Amino acid sequence: MAVCVAVIAKENYPLYIRSVPTENELKFHYMVHTSLDVVDEKISAMGKALVDQRELYLGLLYPTEDYKVYGYVTNSKVKFVMVVDSSNTALRDNEIRSMFRKLHNSYTDVMCNPFYTPGDRIQSRAFDGMVTSMMIQVC
């Protein structure tokens, strides 16, 4: 089950963070921000190795006892971070990839909105509804 989804700008400030159990919201914010160091390491390692630039999925960033943190980066260096409950062992890597692709497509729709100013917090109801359905769907 995805418990937290975050969209982080190129300059490492949050554009959107949504977590399901709101009582642990601060804990998830901390996990998302600590994962940014791992994301930066993976991006710089990919640049040195000249890996295929179309591969945007970063995979498992780090596991904890209760959660697993996954990452994805767009071509414009916007980062998506997803925290998943570790107890859900049925969730496979390709399902995480498809969730990130769905999130990326919805983010692209937000960017194409003429009333959205790039760099502002994402307040789209359609984007929020997609994230909510994605979190419920995985349960």
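See the structure shown above.
Everything in this summary refers to the structure shown in the same document. This one's a predicted model, so the numbers in the text were calculated from it and none came from an experiment.

### Concerning the sheet that holds strand E2 (residues 14-19)
Link 1 in the chain: The strand order across the open sheet built from five strands is E2-E1-E5-E4-E3, with neighbouring strands paired in antiparallel fashion. Looking at which strands have only one partner, the edges of the open sheet turn out to be E2 and strand E3 (57-63). Across the sheet, the mean angle from the axis of one strand to that of its neighbour is 15°, orientation sign disregarded.
Link 2 in the chain: As judged from the five bridges shared by strand E1 (residues 2-8) and E2, these two strands associate in the antiparallel manner. Residue cysteine 4 lies in a different strand from E2, and its bridge partner there is serine 19.
Link 3 in the chain: Along the sheet face, helix H2 (residues 93-111) touches E1, E2, E3, strand E4 (67-73) and strand E5 (79-85) and points at about 140° away from the line of E5.

### Section: the pattern of salt bridges
Link 1 in the chain: Applying the stated criterion across every chain yields a total of three salt bridges.
Link 2 in the chain: For arginine 18, the salt bridge identified is with aspartate 128, shortest N-O distance 2.9 Å. Here arginine 18 is found in strand E2, whereas its partner aspartate 128 is found in helix H3 (residues 125-138), with 110 residues between them in sequence.
Link 3 in the chain: Judged by relative accessible area, which is 26%, arginine 18 ranks as partly exposed.
Link 4 in the chain: Overall, the relative accessible area of 27% leaves aspartate 128 in the partly exposed class.
Link 5 in the chain: Note that arginine 92 and glutamate 95 form a salt bridge whose closest N and O atoms lie 3.8 Å from each other.

Procedures and definitions
- Residues numbered from 1 in each chain as written.
- Predicted model: local features only at pLDDT ≥ 70, side-chain atom pairs only at ≥ 80, totals over all residues.
- Heavy atoms only, no water.
- Pairing = 2+ DSSP bridges.
- Helix = DSSP H or I, 4+ residues; strand = E, 2+ residues; numbered from the N terminus.
- Axes fitted to C-alpha atoms, helices over the stretch in contact; angles between N-to-C directions.
- Contact = heavy atoms within 4.5 Å.
- Salt bridge = Lys/Arg side-chain N within 4 Å of Asp/Glu carboxyl O.
- Buried < 20%, exposed > 50% of the residue type's maximum accessible area, 1.4 Å probe, protein only.

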